[in-house]
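Secondary and tertiary structure notes
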Amino acid sequence: MDGRWVGQMPVDAFFDRCVPATEEPLPDLSDNPFAKVPSDGAESSRYDPFIAAIQGWMPHLQAVNTSTKGDTVNNVKLKTDISIYNRVDGMAPPERTDFLRMELWMEFKANKDGMAFQDPCDDTEESRLLAIKEGSFTPATTAVIMARGQLAHYAGAQHSLQFRHFSFSIVVHGDHARFLLMAEFFWRFDHLSPKQRGHDVSIQPANLAAEVDARVRKHLGIKDKKIPLYKYEVPGLNGTGYAYGPRPPSQNRSLVSRCTRSSPMYWIPAKNVDGGTGSYGEPDEPDTDAQTSHEKAKKGPWSEPRVIYMKDTWRFLSDLPDVNVMAEHEIYQILHGHGTPNIPEHVAGGDVGGGRTQVQDLVDAPWLCLKPRISPYQHYRLVHRIVGRPLFKFECTKQLVTAVFDALRAHSYAFNSAKVLHRDISAGNIILTDEGRGLLIDWELAKLMDEAEGDLIARGRGNSYDLESFLHVLAWMMLRYVPASDSYDATDRGEDMAMFDQHSVREGQSDRGGRVKSYALGAGKYPSPTFQPKCETPLPKLLRKLRMPFKSLYGDPPTAEDRRKINVDKSKYDDTLDDLSREIRQYDRNVECLSSPTWFIDEMMQVLDGEGWPTSDAADLNLPIASGNETDRLMQIKNSQLQFTQSQ
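These notes cover the structure that comes with them. (Residues numbered from 1 in each chain as written. Predicted model: local features only at pLDDT ≥ 70, side-chain atom pairs only at ≥ 80, totals over all residues. Heavy atoms only, no water.)

1. Some details on the packing of aromatic side chains
Within a pair of aromatic rings, the relevant descriptors are the distance that separates the centres and the angle that separates the planes. Taken as a whole and judged by the stated rule, the model has 24 aromatic pairs. Taking 5.7 Å as the distance between ring centres and 50° as the angle between the ring planes, the aromatic pair formed by Phe34 and Phe50 counts as tilted. In this pair, Phe34 is assigned in the loop between α1 (11-18) and α2 (47-54) and Phe50 in helix α2, connecting sequence segments 16 residues apart. Comparing Phe34 with Phe50 shows no difference in burial state: the two are buried. With centroids separated by 6.2 Å and ring planes inclined at 45°, the aromatic side chains of Phe99 and Tyr154 adopt a geometry described as tilted. Of this pair, Phe99 sits in the loop between β4 (82-86) and β5 (102-109) while Tyr154 sits in helix α4 (residues 142-161), and the two are 55 residues apart along the sequence. With respect to burial, Phe99 and Tyr154 carry one shared label: buried. Within the aromatic cluster, the residues linked to one another by ring pairs are Phe14, Phe15, Phe34, Tyr47, Phe50, Trp57, Phe108, Phe166, Phe168, Phe185, Phe186 and Phe189. Note that Arg197 overlies the ring of Phe189, its terminal NZ or CZ placed 5.1 Å from the centroid. (Phe/Tyr/Trp six-rings, centres within 6.5 Å; stacked < 30°, edge-to-face > 60°. Helix = DSSP H or I, 4+ residues; strand = E, 2+ residues; numbered from the N terminus. Buried < 20%, exposed > 50% of the residue type's maximum accessible area, 1.4 Å probe, protein only. Lys NZ or Arg CZ within 6 Å of the ring centre and 35° of its normal.)

Below is the structure:
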């Protein structure tokens, strides 16, 4: 999170922008309620007096001392000092930290030396420039870095469990607090609407009739009746119906990522739309072969209840003028217009109202101590009618290869016909249909080639980048989920898997993928030769074949002198020149293979049409895998070995 904190914002600017005034004036402050809050002593001695001081300005909210009773989020126990909850008739507020229900949390720090932030001593330009030079707004000592990490962790926990666009929190360092301003804040905050407090109001409790609620749970396989259902607005289909389902299962840990959550939902059209639905939860008439195509088309793809796939994310917006980043549903429209196979049909989506980030709008404020470059993001929701299942649930290795083959065909068609490059090939972006075929999804990072070609070449993210990613998907799935021989243990699997997670962090730059994969491809040792499947399958041999072209990217290319040597009279060739000639011809063929997916498609089709595919080598989701320091140590050894091998 360092480099992404924005401050210090003047109090008046903060109130005007984030906490607008209420029509009701702040109650009389003739007696200072904060007088009884200790300014020294144990930190815990301040919690209850502070709560007593602020409670009078929050008639609709309840502050609770939650410093001793925590909440477990993402397997981590977290305790905020004070949590503030809505007052609900007939329901007492939680007595513990509850990130699912809290409206605001507070953290106290008795020692000012650990202040996460430090305002410049005054508001002058000279003071601000000094703060930038010395980094005094976000000091870099170990204690304050840990303090900021704690704050980010708490905020991330709240956002992972609630439907939010933003949230508020308060940190009190020592006696460093402007109590009168805090009274004004709590009074205003108490009177804010849910949307003004940061809640995503496009999601509401479902409140379905009992029979419809039961039907939704049946279709989604939800057996626990205590799991609440919600109603999700679908931009692009507003007014025609809603998606219903539970909270998406993924809990995002980061505040600065795209925060993508995906889950099956149940689509219910609104009443009296295109003929309506007889029972508001089941279609009037299911599609039958007897219905004409005209009748089906008239009903439309969203006219009947059905299970759908919903993706909720924050899409990137360019901060450059006159640059329009296409939304994912717009990319799908282009792909469908060119007849691209093996992608979801009937896609709808759009931007969620009130869901645009704001921090990037503050980077030019005159009061800002730091001038980070922060890209804007827009809350976005997309649905399509095919749910599918994850790639790691393949029923045999032939089905795994078939699904990746189908996705590669979709990628090839998009690249050659629609001039669209996917740019985000991963195991999570290929799904299996009920028929065991593959679909390529998640086109949100795709770009049109006429827009992106120069940029992609400059970054090395052209077609060969995506082709290599397909190779890594197959290798990763094999090493992670295909049962191996008894001699291949958890440590072997952990060592081989670690190279996919290795990355490097360079100061001032984005994280970069590690070099172990490139070393292995350049040395011809990809995937790991120690892996032997328990059931004989053509998959390892296929991977060794598909890896060959990438040696031209990561191995040493022929020199101009090498090419000159072979351009002599063939009668003068000796064995050395014969070997060199073969190496150069192979290098040139490899380069040509990477220019298009055609070679990869042909090779995969040939192997899929061949014999030797078992039917009993389904994915095993419980294979043991070593992790931690021992795997890191083994990775360092493997890295060194591959570098040595490549240098020979």
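2. Brief notes about the sheet that holds strand β13 (residues 377-384)
Spatial ordering of the open sheet is given by β7-β8-β9-β10-β11-β13-β12, a layout of 7 strands whose pairing is antiparallel. Edge positions in the sheet fall to β7 (203-205) and β12 (347-356), since each of these pairs with one other strand and no more. The sheet shows a mean angle of 35° between the axes of neighbouring strands, direction not considered. In this structure, strand β10 (residues 261-269) lies alongside strand β11 (residues 306-316), joined through 7 bridges in antiparallel fashion. In the strand pairing of β11, Ser263 is matched with Met310. The strands that helix α6 (residues 210-220) touches are β9 (241-245), β10 and β11; relative to β10, the one it contacts most, it runs at about 140°. (Pairing = 2+ DSSP bridges. Axes fitted to C-alpha atoms, helices over the stretch in contact; angles between N-to-C directions. Contact = heavy atoms within 4.5 Å.)

3. Details of the nonpolar core
One finds Leu391, Val404, Val420, Ile430, Trp443, Leu474 and Met604 to be the most contacted residues of the largest nonpolar core, which totals 66 residues. Apart from residues lying up to four places away in sequence, Leu474 is in contact with Leu400, Val401, Val404, Leu539, Leu542, Leu543, Leu546 and Met604. (Core = buried A, V, L, I, M, F, W, Y, C linked by side-chain atoms within 4.5 Å.)

4. Some words on the sheet that holds strand β16 (residues 430-432)
Spatially, 3 strands are ordered β14-β16-β17 in an open sheet, and the strand pairing comes out antiparallel. What marks the edges here is a single partner per strand, and that holds for β14 (389-390) and β17 (438-440).

5. Describing the pattern of salt bridges
Counting across every chain of the model gives 23 salt bridges. Arg389 is the salt-bridge partner of Glu395, the closest N and O atoms lying 3.6 Å from each other. Residue Glu395 is classed as partly exposed on the basis of its relative accessible area, which comes to 49%. Residues joined by salt bridges that share partners form a network here, namely Arg258, Lys311, Glu328, Asp424, Asp442 and Glu444. (Salt bridge = Lys/Arg side-chain N within 4 Å of Asp/Glu carboxyl O.)

6. Quick look at the pairing of β13
In terms of residue burial, β13 counts as a mostly covered element, since 7 of its 8 residues are buried. Pairing geometry for β11 and β13, over 8 bridges, is antiparallel. Paired with Asp312 across the bridge in β13 is Arg381. Across 6 bridges, β12 lies against β13 in antiparallel orientation. Across the sheet, Gly350 pairs through a bridge with Arg381, a residue of β13.

7. Brief notes about the side chain of His159
Here His159 lies in helix α4. By relative accessible area, His159 is classed as buried at 18%. Excluding residues within four positions of it along the chain, His159 makes contact with Arg164, His165, Phe166, Ser167, Leu255 and Arg261.

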